[in-house]
Amino acid sequence: MSGETTITIIGNLTDDPKLNFTQTGTAVASFTIASSSRIYNKQVEQWQDGESLFMRCSAWRDLGEHVAESLTRGARVIASGRLRMRTYETSDGDNRTVIEMTVDEIGPSLRFATARPQKVARTGGNGHAGGAPADDPWLGAAPTDDRRQGDEPPF
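What this report covers is the structure whose coordinates are included nearby. Values in this document were obtained by computation on a predicted structure and should not be read as measured data.

1. What about the overall build of the protein chain?
Reasoning step 1: Of the regular secondary structure elements, the protein chain holds 1 helix and 6 strands.
Reasoning step 2: Taken across its 155 residues, the protein chain has 23% of its residues classed as buried.
Reasoning step 3: A separation threshold of at least 6 residues defines the contact pool for the protein chain, and within that pool the share at least 24 residues apart is 55%.
Reasoning step 4: Just so you have it, the protein chain exposes about 12,000 Å², and 48% of that area is on carbon and sulfur atoms.

2. What to know about the pairing of strand 2 (residues 18–21)
Reasoning step 1: Direction of pairing for strand 2 relative to strand 3 (residues 27–41): antiparallel, over a ladder of 4 bridges. Bridging from a neighbouring strand, Lys18 pairs with Ser30 of strand 3.
Reasoning step 2: Following strand 2, the chain reverses through 5 residues before pairing antiparallel with strand 3; Gly25 in that reversal takes a positive phi of roughly 95°.

3. Considering the environment of Val77
Reasoning step 1: Mapped onto the elements, Val77 comes out in strand 5 (residues 76–89).
Reasoning step 2: For Val77, a relative accessible area of 0% puts it in the buried group.
Reasoning step 3: Between the C-alpha atom of Val77 and that of Arg111, which follows or precedes it by 34 residues, the distance is 9.9 Å.
Reasoning step 4: If we ignore the near neighbours within four places in the chain, the residues touching Val77 are Ile9, Ile10, Gly11, Leu13, Ile33, Leu71, Ile106, Gly107, Pro108 and Ser109.

4. Description of the pattern of salt bridges
One side chain can pair with another of opposite charge once the charged atoms of both are near each other.
Reasoning step 1: Counted by the stated rule, this structure contains 6 salt bridges.
Reasoning step 2: Asp104 is paired through a salt bridge with Arg82; the nearest N and O atoms lie 2.8 Å apart. Taken together, the positions of Asp104 in strand 6 (residues 95–108) and Arg82 in strand 5 put the pair 22 residues apart, joining distant regions of the chain.
Reasoning step 3: The exposure class assigned to Arg82 is buried, which follows from its relative accessible area of 14%.
Reasoning step 4: Its salt-bridge partner being Asp94, residue Arg96 comes within 3.8 Å of it at the nearest N-O pair.
Reasoning step 5: A relative accessible area of 38% means that Asp94 is categorised as partly exposed.
Reasoning step 6: Three or more residues are tied together by salt bridges with common partners; here these are Glu4, Arg82, Arg84 and Asp104.

5. Thoughts on the nonpolar core
Reasoning step 1: Core analysis: the largest hydrophobic core is formed by 16 residues, its most contacted members being Phe31, Ile33, Val103 and Ile106.
Reasoning step 2: Looking at this core, the elements with two or more residues in it are strand 1 (6–13), strand 3, strand 4 (46–60), strand 5 and strand 6.
Reasoning step 3: Beyond its immediate chain neighbours, meaning those up to four positions away, Val103 contacts Phe31, Cys57, Ser58, Ala59, Leu63, Ala79, Ser80 and Gly81.

6. Comments concerning the environment of Ser52
Reasoning step 1: Along the chain, Ser52 turns up in strand 4.
Reasoning step 2: Sequence separation of Ser52 and Arg38 is 14 residues, and the distance between their C-alpha atoms is 9.9 Å.
Reasoning step 3: Residue contacts for Ser52: discarding those within four places in its chain leaves Ser35 and Ser36.

7. Looking at the packing of aromatic side chains
Reasoning step 1: Going through the model one piece at a time under the given rule, you end up with 1 aromatic pair.
Reasoning step 2: Geometrically, the ring pair formed by Tyr40 and Trp47 is edge-to-face, given 5.4 Å between the ring centres and 65° between the ring planes.
Reasoning step 3: Owing to a relative accessible area of 39%, Tyr40 belongs among the partly exposed residues under this scheme.

About the cut-offs
- Here the residue index of a chain counts from 1 through its sequence in written order.
- Reporting in this predicted model follows two pLDDT cut-offs: at least 70 for local features of residues, and 80 or more for side-chain atom pairs to be given and counted; totals over whole chains, interfaces and linings ignore these cut-offs and use all residues.
- The side-chain numbers reported here are obtained from all heavy atoms of the structure, hydrogens and water having been left aside.
- Secondary structure elements are taken from DSSP: a helix is a run of H or I of four residues or more, a strand is a run of E of two residues or more, and numbering for both begins at the N terminus.
- A simple rule labels every residue: compare its accessible area, found with a 1.4 Å probe on the protein chains alone, to the largest value its type can have, and call it buried under 20%, exposed over 50%, or partly exposed in between.
- By the convention used here, residues are in contact when the closest approach between their heavy atoms is within 4.5 Å.
- Accessibility throughout is a Shrake-Rupley quantity obtained with a 1.4 Å probe, and a residue counts as covered only by protein chains that appear here.
- Strand pairing is assigned whenever DSSP detects at least two bridges linking the two strands.
- In the sections that follow, a salt bridge refers to a side-chain nitrogen of Lys or Arg positioned within 4 Å of a carboxyl oxygen of Asp or Glu.
- Working definition of a nonpolar core: buried Ala, Val, Leu, Ile, Met, Phe, Trp, Tyr and Cys residues. They are joined through side-chain atoms within 4.5 Å.
- The aromatic pairing rule takes the rings of Phe, Tyr and Trp, using the six-membered ring of Trp, and pairs them if the centres are within 6.5 Å, calling planes under 30 degrees apart stacked, those over 60 edge-to-face and the rest tilted.

Spelled out as C-alpha cells, the structure:
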C-alpha cells in the first residue's frame, strides 16, 4: 500500500448501504458518507454547518457484507480507507472523473450512540475473513480454570 492516499472520514450514511455481487461472486457494499464541519459563528453566537463533503465509498468481501448487515441510513460512522480516482465515459461521450474511497475499516461512532459488536465466524485464512487457528484464545467458551477469579483475562 506504499504511495496510496489514505484518509479517515467521520460522517453520516446518506442511505442504507447497497450490497451487490460481482460476476465472480465477490460481495461489495456501496454507500455514501456525508461529512460536514461545524463552525462557531461568533457574530450570532451559535454553531453552524460548514461545507459538506459527500464521499462515495465501497467495502469489499466480508467487510461489505458486514456493513450492509450492520449500518443503516443516518448512522454516524468512522471510516478509514484509500482514495481511488476513476475515469469513465458518459453515454453522451463526455469523460468524467470521480474520486471514491475503498474502505479498509469502518465502524459506528460512539460519540452519540452505543453499539454491541458481535464477532462473526471466520471463513478463510490469514486474518482477513479467514480461518482462525485452533488455539485462538478468543474463540469458544471461556476456560473453567478454578484459579481464574471473576472476569479477569486469561493472561
